[in-house]
Amino acid sequence: MTRYIFCTGGVVSSVGKGVVAASIGRILKARGLKVAIMKLDPYLNVDPGTMNPFQHGEVFVTDDGAETDLDLGHYERFIDESLTRDCNVTAGQIYAEIIAKERRGDFLGATIQVIPHVTNEIKSRIVRVGEESKADVVIVEVGGTVGDIEGLPFIEALRQLRMDVGRRHAMYVHVTWLPQIGATGELKTKPTQHSVAELRGTGIRPHVIVARSDMPVERDLLDKIALFCDVDKQAVIGLETTKYLYEVPLMLEDAGLGDYIVKRLRLKEAKKPDLNDWRKMVDRMKRVKAPIRIAIVGKYVALKDAYMSVKEALYSAAVAAGRDIDIEWIYSGDLEAGKDWDKLAGVHGIVVPGGFGYRGIEGKIMAARYARENKIPYLGLCLGMQVMCIEFARNVLTLEDANSSEFETPSEHYVIDLMPDQRQIRDLGGTMRLGVYPCALDEHTKAAESYQTSRVLERHRHRFEFNNTYRQKFIEAGMQFSGLSPDKRLVEIAEVDDHPFMVGSQFHPEFTSRPNKPNPLFEGFINAAVEHEHSGAPIKLLSVASSGHGNGSHGD
Ligand code: GLN
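Residues numbered from 1 in each chain as written. Predicted model: local features only at pLDDT ≥ 70, side-chain atom pairs only at ≥ 80, totals over all residues. Heavy atoms only, no water.

Enquirer: Got a minute to help me understand the environment of Gly-109 in this structure?
Expert: For Gly-109, the location among the structural elements is in the loop between helix H4 (91–104) and helix H5 (114–133). Among the residues examined, Gly-109 registers a relative accessible area of 83% and is labelled exposed. Sequence separation between Gly-109 and Lys-123 is 14 residues, and the spatial gap between their C-alpha atoms is 23 Å. (Helix = DSSP H or I, 4+ residues; strand = E, 2+ residues; numbered from the N terminus. Buried < 20%, exposed > 50% of the residue type's maximum accessible area, 1.4 Å probe, protein only.)

Pasting the structure below:
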């Protein structure tokens, strides 16, 4: 029998509703329950794959190749389960499905309406996740805040679904924000009251309120919320902002939320919670020594959410090495303009993450050259691997105009080129090489040393690849292709021979990294960065560093 927990948000967005949903997943899993989590996004895009990261943050990729909301990344990291494409539903998918059915004539004679057609479609997607995952509990988070026009059909579907599955088998958790008034420092509950009133207006009475705040929340304030919002006192939980994201499950557990949910949903199969390993992990996070300094050189650094999984993977790998992490966020366009080279000079490792389009590419190539020439550990993720190959071609093989055909700049040497299977594709949505593919590792390479195995499964999201015409030339000049697809057709990992750690992967290792099991490539990279720090190697700046390069204006 599957039970459901529906998470809505009020007052403002970005208060960590996704982390709360994920944390509830963790405290239930700690009771031996099987948990699934899904996100309902009310926007009309079919998926976030074609959205600008500035709009949406990172696009997270699942094993089965869905391009999803970054909250799925939180879910996977907190509950340590791989989710599927069914776990992210958007209004765009719902409408696309209904319109396809209508055109087929499935609804012949009927007028298609939000209620019941849209709401039924939403409900069937939620129930399907319950059935397919065979979970004891499915946690369903709705994007946005209560009161958003486009969220209404989703809220209505959740209202109905509690009736469908039985009132005792579903509950509502509402996450709000307590603002602090400057002059007195007082926390205010009024916006929470208003948002609960708004939710009740849709026919939903929350069973739990998680009140987020930057300050400790006193018991009397929580009791006041309970009184005004008609919620059990023990079900109003104050959740103060913490430096340690992974502490949230422990905070919720210690506040009694796990037991309350078990009681409310009559989860008789729940065992005594065992969060020992999780507690040990959080303790380790709190005990880390001085930070290791890592640069992320990218195009979307102004919005750190755009690199959420990269940031988390670096952090977990640093913690495993007993270190905190200090990330220097460097906009690659600034390197082109001769700026921020001092920031780059102070780091122990450089990451060039994934991305699309030409803007900022020349700056990333300069960063790769800087890392190679100064023997600073470098990790290239997807585009970061392609950039590493372009740099190597230009400066080691002296193919001066080497480039990727993605950037539509004339060149004799497209060392990165469109994959043959991609040539006929015209649509941009969901058509990249997506999801998990195997990669065979070559012995005695940095990649194999890091992974300690000969075959890995990693997640992909790309259209371009290393151009095999150049493979032999690169090998002769000192680059190894240490990871290949099992048929040897696709380069999956490249690494520079004469370098402590300069590794690029065509896949995205950040998506499989978990807080208590960092991805091995990130561990290999961080260990190399720690060694680099200990070596105290002198820092050289590139001659090109201050001269400026590239126009920074081509494409996005
Ligand atoms: N733009 C590159 C490609 O499509 C890299 C993609 C990425 O970094 N995710 O191949």
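From this point, the narrative continues.
Enquirer: Just checking my understanding: could you explain the sheet that holds strand S13 (residues 323–331) for this structure?
Expert: Two orientations exist for strands paired in a sheet by backbone hydrogen bonds: parallel and antiparallel. Judged by pairing direction, the sheet is mixed, and its nine strands sit side by side in the order S13-S12-S14-S15-S23-S22-S21-S18-S19 without closing on themselves. Each end of this open sheet is capped by a strand with a single partner; those strands are S13 and strand S19 (455–462). Adjacent strand axes in the sheet meet at a mean angle of 30 degrees when their direction is disregarded. With two bridges connecting them, strand S18 (residues 433–441) and strand S21 (residues 479–484) associate as antiparallel partners. What sits directly across from Ala-440, in S21, is Leu-484. (Pairing = 2+ DSSP bridges. Axes fitted to C-alpha atoms, helices over the stretch in contact; angles between N-to-C directions.)

Enquirer: Explain the site of the ligand here, please?
Expert: Contacts to the ligand come from Gly-354, Gly-355, Phe-356, Cys-382, Leu-383, Gln-386, Glu-406, Arg-461, His-462, Arg-463, Phe-464 and His-508. Leu-383 is positioned with one of its backbone polar atoms (N or O) 3.1 Å from an oxygen atom of the ligand. Notes on the ligand: free accessible area 290 Å², of which the protein chains cover 99%. In this structure, the ligand is accommodated by the second largest pocket. Looking at the shell around the ligand, the elements with two or more residues in it are helix H16 (383–395) and S19. (Near = heavy atom within 4 Å. Polar contact = N/O pair within 3.5 Å; in protein donor to acceptor, adjacent residues only side chain to side chain. Areas by Shrake-Rupley, 256 points an atom, 1.4 Å probe, with all protein chains shown as cover. 1 Å grid on protein atoms, 1.4 Å probe; cavity = no way out; pocket = protein on both sides within 12 Å on 5 of 7 lines; lining within 4 Å. Sits in = over half its atoms within 2 Å of the grid points.)

Enquirer: What's the story with the packing of aromatic side chains in this structure? I'm lost.
Expert: Each aromatic ring pair is characterised by the separation of its centres together with the angle its planes make. Per the counting criterion, the structure on display carries 16 aromatic pairs. The interplanar angle of 45 degrees and the centroid separation of 4.7 Å between the aromatic rings of Phe-466 and Phe-481 together place this pair among those described as tilted. Separated by 15 residues along the polypeptide, Phe-466 in strand S20 (residues 464–466) and Phe-481 in strand S21 bring together distant segments of the chain. The two residues Phe-466 and Phe-481 agree in class, both being buried. Through successive ring pairs, a cluster of aromatic residues spans Phe-54, Tyr-300, Tyr-307 and Trp-329. The positively charged end of Arg-433 is found above the aromatic ring belonging to Tyr-437, 4.2 Å away from the centroid. (Phe/Tyr/Trp six-rings, centres within 6.5 Å; stacked < 30°, edge-to-face > 60°. Lys NZ or Arg CZ within 6 Å of the ring centre and 35° of its normal.)

Enquirer: Explanation requested: the packing of helix H12 (residues 308–320) against helix H19 (residues 520–535) in the structure shown.
Expert: Describing two packed helices takes the angle between their axes plus the distance from one axis to the other. Close contact between H12 and H19 brings their axes to 9 Å; oriented N to C, the two are set at 60 degrees. Considering their axes alone, H12 and H19 lie oblique with respect to each other. Our pair here, H12 against H19, has a crossing hand that is right-handed. Together, Val-310, Ala-313, Leu-314, Ala-317, Ala-318 and Ala-320 of H12 and Phe-522, Glu-523, Phe-525 and Ile-526 of H19 make up the contact between the two elements. (Parallel < 35°, antiparallel > 145°, perpendicular 65-115°, else oblique. Left-handed = near helix turned anticlockwise from the far one by under 90°. Contact = heavy atoms within 4.5 Å.)

Enquirer: How do you make sense of empty space enclosed by the protein when you look at a structure like this?
Expert: The gaps of empty space that remain are located by a probe, the size of a water molecule, rolled over the atoms. A full pass over the atoms with the stated rule returns one cavity of 30 Å³ or more. Reported here for the largest cavity is a volume of approximately 90 Å³. Thr-145, Val-146, Gly-147, Gly-151 and Ile-155 are, among the 14 residues lining the largest cavity, the residues nearest its centre. If you list the elements that add at least two residues to the lining of the largest cavity, you get strand S1 (3–9) and helix H6 (152–165). In the lining of the largest cavity, the residues fall into five nonpolar, eight polar and one charged. (Points joined across faces, edges and corners; volume = space filled by probe spheres on them. Nonpolar A, V, L, I, M, F, W, Y, C, P; charged D, E, K, R; others polar.)

Enquirer: Teacher, can you tell me more about the layout of surface pockets here?
Expert: In this structure, the largest pocket occupies an estimated 1400 Å³ of space. Where the lining of the largest pocket is concerned, the elements lending two or more residues are helix H1 (17–29), strand S2 (35–41), helix H2 (53–56), helix H3 (71–79), strand S11 (236–240), helix H11 (276–287), H12 and S13. When its residues are assigned to classes, the lining of the largest pocket shows 20 nonpolar, 13 polar and 16 charged. Its boundaries defined by the atoms lining it, the second largest pocket holds a volume of some 950 Å³. Elements with a minimum of two residues in the lining of the second largest pocket: H16 and S19. Looking at the lining of the second largest pocket, its residues break down into 18 nonpolar, 14 polar and nine charged.

Enquirer: Quick question: what am I supposed to make of the packing of helix H15 (residues 361–373) against H16 here?
Expert: Relative orientation of the contacting elements H15 and H16 amounts to 70 degrees, with a least axis distance of 9 Å. By the angle between their axes, H15 is roughly perpendicular relative to H16. When H15 is examined against H16, the residues Ile-361, Glu-362, Lys-364, Ile-365, Ala-368, Arg-369 and Arg-372 are found in contact with a partner set consisting of Leu-383, Val-387, Met-388, Ile-390, Glu-391, Phe-392, Arg-394 and Asn-395. When grouped by side-chain class, the residues that make up the contact of H15 with H16 number eight nonpolar, one polar and six charged.

Enquirer: Looking at this structure, how should I read a nonpolar patch on the surface?
Expert: Nonpolar side chains collect at one region of the surface, where Leu-44, Tyr-95, Ile-99, Val-114 and Ile-115 lie side by side and expose about 460 Å² of accessible area between them. When residues of the nonpolar patch are traced back to their parent elements, those giving at least two are H4 and H5. Following the sequence through the fold, Tyr-95 ends up in helix H4. (Patch = residues over 30% accessible without salt bridge, like charges linked within 9 Å, V, L, I, M, F, W, Y side chains within 5 Å. Salt bridge = Lys/Arg side-chain N within 4 Å of Asp/Glu carboxyl O.)

Just distances and angles here, no functional claims.
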